[in-house]
Amino acid sequence: MKIVAVCGSGVGSSAILKLNAERALERLDLEADVVAGDIESLGTTAADAQVILTSPELVDRIGKTFADIVVIDNYFDLAELTEKLERAIG
């Protein structure tokens, strides 16, 4: 399974989201390839993704995808990430 953590520029917040998504997956005892990326390269990085993690501000910019789009309000809230990832892939 591939999960893409998306932010506006692909540097800071997507890396934080990636790291915390990996921690949430550990809590769920699930494995996935989590990749950080920016909204502009989403067509390439998320072409084979099952889940896209992003902020509420970027949802409208994602475009057409077969992946489940999971909106994360607080990138540092492991409980939120765990719950939403479990719903999306569990």
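Numbers given to residues run from 1 along each chain, matching the order in which its sequence is written. Reporting of local features is limited, given that this is a predicted model, to residues whose pLDDT is at least 70; pairs of side-chain atoms are given and counted only at 80 or more, and all residues count toward the totals for whole chains, interfaces and linings. The basis for every side-chain value is the complete set of non-hydrogen atoms in the structure, without hydrogens or water.

- The protein chain is annotated in an unreviewed UniProt entry as PTS system IIB component, L-Asc family of Plantibacter elymi.

## Observations concerning the packing of helix α1 (residues 12–27) against helix α3 (residues 78–89)
Point 1. Where α1 meets α3, the closest approach of the two axes is 9 Å, and the angle between their N-to-C directions is 70°. On the basis of the axis angle, α1 is roughly perpendicular to α3. Crossing hand, α1 versus α3: right-handed. Contact with α1, carried on its side by Leu17, Asn20, Ala21, Arg23, Ala24, Leu25 and Arg27, involves Leu78, Ala79, Leu81, Thr82, Leu85 and Ile89 of α3 and no other residues of that element. A fitted line through C-alpha atoms represents every axis, and for helices the fit uses only the stretch in contact; the resulting angles, taken between N-to-C directions, go from 0 to 180 degrees. Numbering of helices and strands runs from the N terminus, with a helix taken as a DSSP run of H or I at least four residues long and a strand as a DSSP run of E at least two residues long. Reported orientations rely on four angle classes, namely roughly parallel under 35 degrees, roughly antiparallel over 145, roughly perpendicular from 65 to 115, and oblique for the rest. Definitions for this section: a left-handed crossing has its near helix turned counterclockwise from the far helix by less than a right angle. A right-handed crossing has that turn clockwise. Should any heavy atoms of two residues lie within 4.5 Å, those residues are counted as being in contact.

## Considerations on the nonpolar core
Point 1. Ile3, Leu17, Val51, Leu53, Ile72, Leu81 and Leu85 are the most contacted members of the largest nonpolar core, which totals 15 residues.
Point 2. Ranked by residues supplied to this core, first place goes to α1 with four residues.
Point 3. Setting aside anything within four residues of it in sequence, one finds Leu81 in contact with Leu17, Asn20, Ala21, Ala24, Leu53, Ile72 and Tyr75.
Point 4. Put simply, buried Ala, Val, Leu, Ile, Met, Phe, Trp, Tyr and Cys residues joined by side-chain atoms within 4.5 Å make one nonpolar core. Three labels apply to residues, based on accessible area from a 1.4 Å probe with only protein chains included: buried if under 20% of the type maximum, exposed if over 50%, partly exposed otherwise in between. Core analysis: the second largest hydrophobic core is formed by ten residues, Val4, Leu42, Ala49 and Ala67 among them.

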